[in-house]
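Structure assessment
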2 protein chains.
Amino acid sequence: MPLKIYTAGPEVFLPNAREIMDKKTALCRQYGFEAICPGDLDIPPSDTKKGFGLAISRVDEEMMDSADAIIANLTPFRGIAADVGTCFELGYMCAQRKLVAAYTNIAECHYERTLAYYGGKITEDADGYKRGPDGLSLEDFEMIDNLMMHGGVERRGGPVVVHAAAADALYTDLTGFEECLKALVILQKEKAAARDEGIRPEELDASNDD
Amino acid sequence: MPLKIYTAGPEVFLPNAREIMDKKTALCRQYGFEAICPGDLDIPPSDTKKGFGLAISRVDEEMMDSADAIIANLTPFRGIAADVGTCFELGYMCAQRKLVAAYTNIAECHYERTLAYYGGKITEDADGYKRGPDGLSLEDFEMIDNLMMHGGVERRGGPVVVHAAAADALYTDLTGFEECLKALVILQKEKAAARDEGIRPEELDASNDD
């Protein structure tokens, strides 16, 4: 059974979303994986706008529940940060102890982008925090985005791939996606080996004692 | 044992973050809950910037693992969307089948904010998708943010509170936070009643069969 990879990213908003999802699906197959793309399934119709949105939310969560891994496209979207839906999905998969991977098509790190957002007008307070003119502090952790995303992936041994795509290929360049696939091939083998060596299930599986 | 609520939101970036967290903690106590605030714990020092970021990521995830519920402040942050770290955390808690609640201090919905982002220059394509000049489609689901966040909370029966705060109290106004607490008091009772009626554990608890 090939590992199922949920392909999260803002490319679902592109006019040629289908084309990009098909390319991701083909790449997954090439590396021995099965792709689960948000938007693959038909969403049941609804009487209201909100009802339709809720239906998509349900289908996407069910897709993630059935997936073994996620590759999250964290390329900044309509601003300086990653697509919030993709961030939700990455958190969702981290909590389930799935295999996680992320890539971005922008070379500037989170701190550099936030610095640019403030036009460089940064001050440092008595505690050493860098702050914008609005008083809000900046994360300066050499990470591609907020520490929960970058940290969530890196702490689980997942790849965080940075690739500077051409401006007109910001959401379509799949170089970083393919690098994630290569890393997942290795991670998958390591996880299988860990199982064979008798690592306790609770170290691999998610559990919740609420 | 009081229910433990993880208080997620961009107020951690405020100069008076400690003051806001203390207020949230006091409000939680007032409603019979215990607050778990990111930033409450001392983060172990690290040799590198990234190492420190990774340490915070670990501590925040451990806090969420130990919490029974989350109240996510989805007020837009440095742009038109919610703080991405908060979105990761909301997804993380949804996946663990915890109690979830969200609020925003901006009255305009996600669609209205995106429309403003594009200066109103929206077109509708042949398939009925509304698109900005960059070709990216807009979600129009009468939701406060991307459907994964709003849907993730509403589908679980959690409150999604909208409160128009004053501009200078965007990240400090706790009206919506308190409304979430009131709703969680009710949800907590419902969940306890469902348990007593013998709802199967797998309908209440998270499990992961990866």
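To be clear, the structure that these remarks concern was listed above.
Residues numbered from 1 in each chain as written. Chains lettered and ligands numbered in written order. Predicted model: local features only at pLDDT ≥ 70, side-chain atom pairs only at ≥ 80, totals over all residues. Heavy atoms only, no water.

If you tally the helices and strands in chain A, you get seven helices and seven strands. Sequence-ordered secondary structure for chain A, helices as α and strands as β, is β-α-β-α-β-α-β-α-β-β-α-β-α-α. Over its C-alpha atoms chain A spans a radius of gyration of 18 Å, differing by no more than 12% from the 17 Å that the globule rule assigns to 210 residues. Projecting the C-alpha coordinates of chain A onto the three principal axes gives extents of approximately 55 × 50 × 40 Å. Split into buried and exposed, the 210 residues of chain A put 54% on the buried side. A sequence separation of at least 24 residues applies to 69% of the contacts in chain A between residues at least 6 apart. By element, 52% of the accessible surface of chain A is carried by carbon and sulfur atoms, the whole surface being about 9000 Å². (Helix = DSSP H or I, 4+ residues; strand = E, 2+ residues; numbered from the N terminus. Rg over C-alpha atoms; globule rule 2.2 N^0.38 Å. Buried < 20%, exposed > 50% of the residue type's maximum accessible area, 1.4 Å probe, protein only. Contact = heavy atoms within 4.5 Å. Areas by Shrake-Rupley, 256 points an atom, 1.4 Å probe, with all protein chains shown as cover.)

What follows deals with helix H6 (residues 175-196) of chain B. All names here are of chain B. The terminal C-alpha atoms of H6, which comprises 22 residues, lie 32 Å apart, in line with the 32 Å expected from a rise of 1.5 Å per residue. Of the residues making up H6, those classed as buried are Gly176, Phe177, Cys180, Leu181, Leu184, Leu187, Lys191 and Ala194. Buried residues of H6 fall within an arc of 135 degrees about the axis and therefore sit on the same side. Those residues of H6 that are exposed and aimed more than 90 degrees away from the buried face are Lys189 and Asp196. (Expected span 1.5 Å × (residues − 1). Arc of directions from axis to C-beta.)

This part is about the interface of chain A and chain B. Each side of the interface is counted separately: chain A has 68 residues, and chain B has 68 residues. Together, the buried faces of chain A and chain B total about 5900 Å²; carbon and sulfur atoms form 58% of this surface. There are ten salt bridges connecting chain A and chain B. With its nearest N and O atoms 3.1 Å apart, the salt bridge here joins Glu61 of chain A to Arg155 of chain B. Connecting chain A to chain B are 18 residue pairs in polar contact (both at pLDDT 80 or more). Considering each element in turn, the side of chain A that touches chain B owes the most residues, twelve residues, to helix H2 (residues 49-66) of chain A. Counted by class, the side of chain A that touches chain B contains 31 nonpolar, 14 polar and 23 charged residues. (Buried area = accessible area lost by both parts, 1.4 Å probe. Salt bridge = Lys/Arg side-chain N within 4 Å of Asp/Glu carboxyl O. Polar contact = N/O pair within 3.5 Å; in protein donor to acceptor, adjacent residues only side chain to side chain. Nonpolar A, V, L, I, M, F, W, Y, C, P; charged D, E, K, R; others polar.)

To continue, consider the pattern of salt bridges. Here the structure, examined in full by the defined rule, presents 24 salt bridges over all chains. Measuring nitrogen to oxygen at the nearest pair gives 2.9 Å for the salt bridge that ties Lys49 of chain B to Asp140 of chain A. Of this pair, Lys49 of chain B sits in helix H2 (residues 49-66) while Asp140 of chain A sits in the loop between strand E6 (130-131) and helix H5 (147-154), placing the two residues on different chains. Residue class for Asp140 of chain A comes out buried when judged on its relative accessible area of 13%. Between Glu11 of chain B and Lys24 of chain B there is a salt bridge, with the nearest N and O atoms lying 2.3 Å from each other. Of this pair, Glu11 of chain B sits in the loop between strand E1 (4-8) and helix H1 (17-30) while Lys24 of chain B sits in helix H1, placing them 13 residues apart in sequence. Look at Glu11 of chain B and you get buried, because its relative accessible area is 2%. Here Lys24 of chain B falls in the buried class, since its relative accessible area comes to 0%. Connected through shared salt-bridge partners, Lys49 of chain A together with Lys130 and Asp140 of chain B make up one network.

Let us look at the side chain of Gln96 of chain A. Residue placement: Gln96 of chain A occurs in the loop between helix H3 (84-95) and strand E4 (99-104). Of the polar contacts made by the side chain of Gln96 of chain A, one reaches the side chain of Asp65 of chain A; its length is 2.8 Å.

Each of the two chain copies can be generated from the other by rotation about an axis followed by a shift along it. Overlaying chain A with chain B gives an RMSD of 0.0 Å, the required rotation being 180 degrees about an axis along which the chain moves by 0.0 Å. Here the symmetry operator amounts to a two-fold rotation axis. A shared interface surface links the copies, since 100% of the contact residues of chain A are contact residues in chain B too. (Least-squares fit on C-alpha atoms with pLDDT ≥ 70 in both.)

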